[in-house]
Amino acid sequence: MEQTLVIVKPDAVARGLIGEVIRRFEAEGLTVCGLKMVRLAHTEAEGFYQVHRARPFFDSLTRFMASGPCVAMVLKGEGAIGRVRTLMGATDPLQAAEGTLRRNFATSIEKNVVHGSDSTTSAAFEIPYFFNQLEIRQPAECGETPAM
Ligand code: GDP
């Protein structure tokens, strides 16, 4: 069983896509174990994306992530990290596979709807960045949701 951090980014929240993003993950049998709406301060967005601090898009990305509310969630399931990344699609919507969230809804390589942890190491940093232990359903309460 893996846990992964997913963020519905500010572009998707503003466009009314929260439900559609969550629906797609639940429909694939992933379980929502934690969920909250947050408005990141710019410094908090910088802390979250610190691995990208040397990248030319860092300032633009972190300002975008602080530009409006996000919805953060913890999803759980067998291979959850990879399954979420498959459903998201490639970072650039022009490269993303047909039927993925980013192919269907992203408007640019930056405003690309959704974040998902890219490794167990990232998930171990990202989940507690947003959630404390009391905010995440405990293992016994959090089985797999049957796929629809
Ligand atoms: P992800 O794991 O697919 O989200 O991609 P990365 O970890 O490489 O990048 C993190 C986020 O930075 C992406 O989801 C985009 O929002 C943004 N981003 C990535 N590449 C670029 C870029 O070339 N230009 C801009 N403006 N933003 C980018």
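Residues numbered from 1 in each chain as written. Predicted model: local features only at pLDDT ≥ 70, side-chain atom pairs only at ≥ 80, totals over all residues. Heavy atoms only, no water.

Draft legend 1. Spotlight on the site of the ligand. Surrounding the ligand, one finds K9, Y49, H52, F57, L61, R85, T91, R102, I109, E110 and N112. Taking H52, its side chain carries an N or O atom lying 2.9 Å from an oxygen atom of the ligand. Separating an oxygen atom of the ligand from a side-chain N or O atom of R102 is a distance of 2.9 Å. More than half of the atoms of the ligand fall within 2 Å of the grid points belonging to the largest pocket. Considered class by class, the residues forming the shell around the ligand number four nonpolar, three polar and four charged. (Near = heavy atom within 4 Å. Polar contact = N/O pair within 3.5 Å; in protein donor to acceptor, adjacent residues only side chain to side chain. 1 Å grid on protein atoms, 1.4 Å probe; cavity = no way out; pocket = protein on both sides within 12 Å on 5 of 7 lines; lining within 4 Å. Sits in = over half its atoms within 2 Å of the grid points. Nonpolar A, V, L, I, M, F, W, Y, C, P; charged D, E, K, R; others polar.)

Draft legend 2. Region of the structure containing the layout of surface pockets. Roughly 580 Å³ of internal volume is contained in the largest pocket. What lines the largest pocket is a set of 23 residues, and nearest its centre among them are Y49, H52, F57, L61 and H115. Elements represented by at least two residues in the lining of the largest pocket include exactly α5 (80-88), β4 (114-116) and α7 (120-130). Per-element tally for the lining of the largest pocket: the top contributor is α7, with four residues. Its residues placed into classes, the lining of the largest pocket shows eight nonpolar, eight polar and seven charged. (Points joined across faces, edges and corners; volume = space filled by probe spheres on them. Helix = DSSP H or I, 4+ residues; strand = E, 2+ residues; numbered from the N terminus.)

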